[in-house]
Amino acid sequence: MGITDEQQKFLDANGKIVLCACPGSGKTTIVATKFLKYKKGWNKAHSGIAVLSFTNVACDEIKNKIVQEEGDACFYDYPHFIGTVDSFIDNYIFLRFGYLLSTNSCRPKLHIKAISAQTYQFWRNDCYKKDCISKIEQFRVLENRETYFKEEKVECAENRGVIPCRSYIERMHRKNCYFQNEVPYQSSLLLKNHPDIAKAIVERFPVIIIDEAQDTSKDQMKIFELLIAAGLQEVILVGDPDQSIYEWRTAKRECFVDKINNPNWRALYLTHNFRSSQLICNATKAFSETYYDKPANKSAAEHKDFPVKPILLFYDLNTQRGEIIPKFKHFCETNNIELNKSAVVSRGRINSKNYVEGLWKNFLDAASNNKLLSFNNLPEHIVNYNFLLSQKKFMQIIQNGGVVKLHSTEWVNKSSGKGNTELIVDDGNGIVKYAYPYWFPFTPYKDVFPRLFPWADFSSDEDFFENDDESLWRELHCYYDKEDGEWIIVGDTFEEFRSKLNSMRSKDHSGEVVEYMMTLSLNDLGRSFLAVDEFVSKKQPYSGTRPEEE
């Protein structure tokens, strides 16, 4: 694949550049090529080029491209740096100069998880109910003492000057301990309050290239803006606003978009797609928030003229996998595509905004398609009734004295909604498990459960959480008498303590996965549905009568 005119324009550009690269445009290759072009004439022994991205996988891809071109892994060693944005900020700003934040000039210590958070004495009942304690590493305190959970300002009332989450984090800071989540903001303070640090970093790295720049947070972008104010003249942002995937960790695509529209930056575009056919490029334009008013990307792929249109299937939670998978297999077979060379991707929603007449192919003929659409456009009350009907057996088992438990694991650091959900059903004759093979993107599972099972109330399984609850209760409400060798209650009893805990609490597994185990009971909707369903399922006298207006 040769260099396109758009790519060459980027390679020749200098200064403050923002490059919008469409999917399949060879972004990784062009970033590596840009680095090599800078490196070719580099003659500074102790100043280097920094190439940054957001994951180790992306950084490894860039390194591999460089090795492919040069055949030498040492080619990007000192004085250059290729690594993640986090590692760059950690090692060259925060850990190196963070001692200036302390009163004792000690190097700061970074923590991924909280230290002894459960034993902190100022937590309130609300802190437990909102599950703030297990998420404390996602809070941060600003210079003016305003406190934020991710991007949301904490509005809790002060009690004797104390807001528990703020006080806990400030206590950590007095011990020179910080969460990784706080590092970008604290580093921006260092650069703002100590301009010489910013100048030293600019001298160390006079060229900075940031790949996947659409995933920068506001505080990370502030750091690069402070470096520019300190004299950084060669800075390149490369990304695609439509591919921002780190909103869950405070990424702001707007930071990247603002640079596109900023006259002090030069915006360039890579619009040739070397991966997809032209029909796919035409279709994906309908989903773009950035390029909706621009022509579709131009396919430069080997199969650019592949004549098959993308296929659109409408589905909802009631759609069975068995309805879709055979269609997918049939499509692959009829187009001579091997299944082990195929992939399945999904998008959260398709609506009137991104539906384009004639853009998509449908499996069905016109008559069948109209019939299908008539089913998809059923009145909401019928769709919702059918949804409840699909879970009727679980409601009946609970009503008849059986037990239904919800067991679920959620990957809390992934916006994909990855997780596993199942019902464990004991009707008195045996235990049967029912899997829900769905992920729920961009929605915490605590919000999913009441929507997935709207007929149920939820209570934590006491046996499942007993050991964890008892350990926490002893830390907070008991004192261990070493002489007598027993625990003495100095606060709530164990039963009182458990009654105040969140009924939808979870076990934390290394900060990556949380595990729920809850017992379901019928709420008003569940009881009412069973009563209505029993009525409408039986032949009723006078059901054929209708009122007439007099």
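Reading guide: rules and limits
Residues numbered from 1 in each chain as written. Predicted model: local features only at pLDDT ≥ 70, side-chain atom pairs only at ≥ 80, totals over all residues. Heavy atoms only, no water. Helix = DSSP H or I, 4+ residues; strand = E, 2+ residues; numbered from the N terminus. Contact = heavy atoms within 4.5 Å. Pairing = 2+ DSSP bridges. Axes fitted to C-alpha atoms, helices over the stretch in contact; angles between N-to-C directions. Salt bridge = Lys/Arg side-chain N within 4 Å of Asp/Glu carboxyl O. Buried < 20%, exposed > 50% of the residue type's maximum accessible area, 1.4 Å probe, protein only. Core = buried A, V, L, I, M, F, W, Y, C linked by side-chain atoms within 4.5 Å. Patch = residues over 30% accessible without salt bridge, like charges linked within 9 Å, V, L, I, M, F, W, Y side chains within 5 Å. Areas by Shrake-Rupley, 256 points an atom, 1.4 Å probe, with all protein chains shown as cover.

It is worth spelling out the side chain of N176 at this point. By the element assignment, N176 lies in the loop between α6 (164-174) and β8 (177-179). For N176, the residues in contact, after removing those within four places along its chain, are S102, N104, C106, R107, P108 and K109.

What follows deals with the sheet that holds strand β5 (residues 139-141). Sheet architecture is open: 3 strands sit in the order β5-β6-β7, paired in antiparallel fashion. Since the sheet does not close on itself, it has two edges, and those belong to β5 and β7 (152-153), each with one partner. Pairing of strand β6 (residues 147-149) with β7 involves 2 bridges; the strand directions are antiparallel. Each residue of the ladder has a partner; that of Y148, found in β7, is K153. In the packing of α6 onto the sheet, contacts are made with β5 and β6, and the angle to β5 comes to roughly 70°.

What follows deals with the pattern of salt bridges. Should their charged atoms come close, side chains of opposite charge can pair. Within the structure shown, the criterion is met by 18 salt bridges. Linking R527 and D524 is a salt bridge whose minimum nitrogen-to-oxygen distance equals 2.5 Å. Taken together, the residues R527 and D524, both in helix α19 (residues 524-536) and 3 residues apart, mark about one turn of the helix. Using a relative accessible area of 43% as the deciding quantity, one classes R527 as partly exposed. D524 gets classed as exposed once you look at its relative accessible area, which sits at 55%. Salt bridges sharing partners connect three or more residues here, namely E462, D469, R498 and R505.

Let us now look at the nonpolar core. By size, the foremost hydrophobic cluster in this structure holds 39 residues, and its most contacted members are L52, F88, L191, I208, I210 and L227. Per-element tally for this core: the top contributor is helix α4 (residues 85-97), with 8 residues. In this structure, L191 is in contact with I93, I197, A198, I201, I223, L226 and L227, ignoring residues within four places of it in sequence. Among the nonpolar cores identified, the runner-up in size contains 27 residues, and L388, I398, V425 and A456 belong to it.

Taken together, the side chains of Y479, I488 and V490 present a nonpolar region at the surface, about 300 Å² in accessible area. By the element assignment, Y479 lies in strand β18 (residues 478-481).

Once that is clear, we can look at the environment of Q180. Within the secondary structure, Q180 is located in the loop between β8 and α7 (183-193). Excluding residues that lie within four positions of it along the chain, Q180 makes contacts with D86, D90, L110, H111 and I112.

Turning to the pairing of β18, a few remarks are in order. The two faces of a sheet get side chains in turn, since along a regular strand they alternate between them. Two strands pair when backbone bridges link them, and β18 and strand β19 (residues 486-489) are joined in this way by 4 bridges, in the antiparallel orientation. Bridging across to β19, Y479 finds its partner in I488. Linking β18 back to β19 in an antiparallel pair, the connection comprises 4 residues, with G485 at a positive phi of about 65°.

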